[in-house]
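Descriptive analysis of the structure
Spelled out from the first residue to the last, the chains are:
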Amino acid sequence: MSSIILSENLTGLFFKEAEKCINCGACTAGCPLYAYSGLSPQDLLSQIAREGQISLDIPYSCTLCGYCSHICPEGVKLDQLMRELRSYAFNEKGRPARGINYAPVKSHQKYSFSPLFSTTRVPSNYNGVVFFPGCSLPSFRPDLTEKTYLYLQEKMSGTGIMLKCCAGPTLAMGDEKKFQQYYHELEQEFAQWGVKKVITACPNCYKTIKENSGQIEAVSLWEILREIGIPEGAANRKNKPHLSLALHDPCPTRSYPTVHDSVRFILNQLGIDFAEFKFNRQKTLCCGAGGMLGITNPPAALSWMKKRAGETKAEIIITYCQECAVSMQKGGKKSLHLLDLIFNPGVWPNEKKNPTSLRRWYNRYRIKKAFNKFNPGGSKDG
Ligand code: SF4
Ligand code: SF4
């Protein structure tokens, strides 16, 4: 990957942070960037400050997981510095830096915002609440997306569906200008439909909408399911006796303990016994896909996926993010989406192969068509 020369301001910031770091090593055990570079935060920060330049494989090998900032006793915000470097690289060059592999993210985002794969439909008694499943769940698991929405409609009559992207991948790559453009489009959609509350199934959407749309209440599906209850008949299903399970918390939920509590409440209602990872809840570690690492540095991503999946002896890892579920499979374990435990009794563990990229786009197209038939109340794209 290419290198960039830093501005004086940015170099100064690295000096300041290098001085704050006491080299305690608390952050390194859970840091995919450290696993890749082998440089302690103090060495990394002072090297960047001294040289006034950086090879872009450093910020693009950080998963932006936030473990470092959460754990650091001195308040060093390594994740924010890495984010800043990614945006700086875009602004400095006025185009994506060489070697970061932006093209697949760019086309994913372009199609995700196209009317071919997005829609908003509301019922006639619409009340300003929409279910927002994000991109991954409809791509990989259209069955679970549909079952979840039908259940929400049954329990929360008046809930609409918004199949849209939050533009998180564009922001993670550092293309802030494009992110603002996409996010503005999303905000217009919210305004057009008078959205007051968004129920998110994806932890990245949850975080992005919470951080960027102060006027809208973003709630996670898990908080809602805790409130409305799981479907009748799902309670006390119990584990299959021969299978051991462990729960992985997705890293975008780090700052939201109510989400962690709600997920555990639901698992208890389901009667599921599970083991906790040593690094869990607010101290959870990235699955290896954060910060688009699977695109920007695939070998580093795979190596971290194996490390994270190997941290439990359990045969199956339960999680509540579709991307994490895929990462845990790539890391060598079977994985299970929490929605499978709720809506697919008896069929887990799901032994089906993951859909190909083409099939995933087809799934998104198909579910959009299906949702367009559900709600007679109104739609934008018809
Ligand atoms: S955000 Fe995660 S990968 Fe990046 S420096 Fe912090 S702990 Fe390491
Ligand atoms: S936790 Fe903070 S002080 Fe300790 S090594 Fe990491 S950045 Fe430095």
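What counts as what
Residues numbered from 1 in each chain as written. Chains lettered and ligands numbered in written order. Predicted model: local features only at pLDDT ≥ 70, side-chain atom pairs only at ≥ 80, totals over all residues. Heavy atoms only, no water. Near = heavy atom within 4 Å. 1 Å grid on protein atoms, 1.4 Å probe; cavity = no way out; pocket = protein on both sides within 12 Å on 5 of 7 lines; lining within 4 Å. Sits in = over half its atoms within 2 Å of the grid points. Helix = DSSP H or I, 4+ residues; strand = E, 2+ residues; numbered from the N terminus. Nonpolar A, V, L, I, M, F, W, Y, C, P; charged D, E, K, R; others polar. Disulfide = S-S within 2.5 Å. Buried < 20%, exposed > 50% of the residue type's maximum accessible area, 1.4 Å probe, protein only. Salt bridge = Lys/Arg side-chain N within 4 Å of Asp/Glu carboxyl O. Pairing = 2+ DSSP bridges. Expected span 1.5 Å × (residues − 1). Arc of directions from axis to C-beta. Contact = heavy atoms within 4.5 Å. Points joined across faces, edges and corners; volume = space filled by probe spheres on them. Domains from an automatic or database assignment. Buried area = accessible area lost by both parts, 1.4 Å probe. Core = buried A, V, L, I, M, F, W, Y, C linked by side-chain atoms within 4.5 Å. Phe/Tyr/Trp six-rings, centres within 6.5 Å; stacked < 30°, edge-to-face > 60°.

Section: the site of ligand 1
By nearness alone, every residue bordering ligand 1 is listed as Cys 31, Pro 32, Leu 33, Cys 62, Thr 63, Leu 64, Cys 65, Gly 66, Tyr 67, Cys 68, Leu 78 and Asp 79. A majority-of-atoms criterion places ligand 1 in the largest cavity. Only helix H2 (32-37), helix H4 (67-71) and helix H5 (78-93) provide two or more residues apiece to the shell around ligand 1. Split by residue class, the shell around ligand 1 holds 9 nonpolar, 2 polar and 1 charged.

Considerations on the site of ligand 2
If you check the shell around ligand 2, you find Cys 21, Ile 22, Asn 23, Cys 24, Gly 25, Ala 26, Cys 27, Pro 41, Cys 72, Pro 73 and Val 76 and nothing else. The residue inventory of the shell around ligand 2, partitioned by class, reads 9 nonpolar, 2 polar and no charged.

Considering the state of the cysteines
Inspection of every chain in the model, using the stated rule, returns 0 disulfides. The thiol of Cys 166 is not disulfide-bonded; the next cysteine sulfur, from Cys 205, is found 3.9 Å away. Look at Cys 166 and you get buried, because its relative accessible area is 4%. In this structure Cys 205 is not part of a disulfide, and its nearest cysteine sulfur, from Cys 202, lies 3.9 Å away.

So, the pattern of salt bridges
The final tally for this structure, using the stated rule, is 9 salt bridges. One salt bridge connects Arg 141 with Asp 143, and the closest N-O pair in it is separated by 2.9 Å. Given a relative accessible area of 11%, Arg 141 falls into the buried group. Judged by its relative accessible area of 32%, Asp 143 falls in the partly exposed class. Of the charged contacts, one joins Asp 249 and Arg 264 as a salt bridge, the two residues approaching to 2.8 Å between their closest N and O atoms. Pair noted here: Asp 249 is in the loop between strand S8 (245-248) and helix H13 (257-270) and Arg 264 is in helix H13, with a separation of 15 residues, a long-range link. Classification of Asp 249 by relative accessible area gives buried; the value is 0%.

Notes on the sheet that holds S8
If you walk across this open sheet you meet the 4 strands as S9-S8-S10-S11, and the pairing is parallel. Looking at strand neighbours, the two that pair on one side only are strand S9 (275-276) and strand S11 (334-337), the edges of this open sheet. As paired elements, S8 and strand S10 (residues 316-319) share 4 bridges and run parallel to each other. Within S10, the position partnered with Leu 245 by the bridge is Ile 316.

Examining helix H1 (residues 8-20)
Spanning 13 residues, H1 covers 19 Å between terminal C-alpha atoms, matching the ideal 18 Å at 1.5 Å per step. If you check which residues of H1 are buried, you get Leu 10, Thr 11, Phe 14, Glu 17 and Ala 18. Viewed along the axis of H1, the buried residues span an arc of 125°, placing them on a single side of the element. Opposite the buried face of H1, by more than 90 degrees, sit the exposed residues Glu 8, Asn 9, Lys 16 and Glu 19. The secondary structure elements touched by the buried residues of H1 are helix H3 (41-51) and H5.

Considerations on empty space enclosed by the protein
For the structure on display, the rule yields 5 cavities of 30 Å³ or more. By volume, the largest cavity amounts to about 100 Å³. Taken together, 14 residues form the lining of the largest cavity, with Cys 31, Leu 33, Cys 62, Cys 65 and Cys 68 sitting closest to its centre. Considering each element in turn, the lining of the largest cavity owes the most residues, 3 residues, to H5. Looking at side-chain class alone, the lining of the largest cavity contains 10 nonpolar, 3 polar and 1 charged residues. Approximately 60 Å³ is the volume attributed to the second largest cavity. Lining the second largest cavity, in full, are Pro 133, Ser 136, Leu 137, Ala 201, Cys 202, Pro 203, Tyr 320, Cys 321, Gln 322 and His 337.

Re the domain arrangement of the protein
According to the domain assignment, the protein consists of domain 1 (3-93), domain 2 (109-229 + 355-376) and domain 3 (245-343). One C-alpha centre belongs to domain 2, the other to domain 3, and the line joining them spans 21 Å. Counting residues at the interface gives 24 residues for domain 2, matched by 25 residues for domain 3. Of the roughly 2,300 Å² buried between domain 2 and domain 3, counting both surfaces, carbon and sulfur atoms make up 73%. Summed over the three residues of domain 2 that lose the most area to domain 3, namely Pro 203, Trp 222 and Arg 226, the buried surface amounts to 31% of that side.

A few points about the nonpolar core
In terms of nonpolar packing, the biggest core is built from 41 residues, with Ile 199, Leu 221, Trp 222, Leu 267, Leu 270, Leu 338 and Ile 342 touching the most fellow members. Summarising the domain contributions, this core has at least three residues from each of domain 2 (109-229 + 355-376) and domain 3 (245-343). Among residues more than four places away in sequence, those in contact with Trp 222 are Ala 201, Val 259, Ser 262, Val 263, Ile 266, Tyr 320, His 337, Leu 338, Leu 339 and Ile 342. Counting residues in each nonpolar core, the second largest holds 34 residues, with Cys 21, Ile 48, Tyr 102 and Val 105 among its members.

Let's talk about the packing of aromatic side chains
Counted by the stated rule, this structure contains 13 aromatic pairs. Summarising the aromatic geometry, the rings of Tyr 111 and Phe 117 are spaced 6.5 Å apart at their centres and angled 85° between planes, so their arrangement reads as edge-to-face. Here the aromatic rings of Tyr 149 and Phe 371 are separated by 5.4 Å at their centres, their planes lie at 90°, and the arrangement is edge-to-face. With a gap of 222 residues between them, Tyr 149 in helix H8 (residues 142-155) and Phe 371 in helix H18 (residues 357-374) connect regions that are remote in the sequence. For Phe 371, a relative accessible area of 0% puts it in the buried group.

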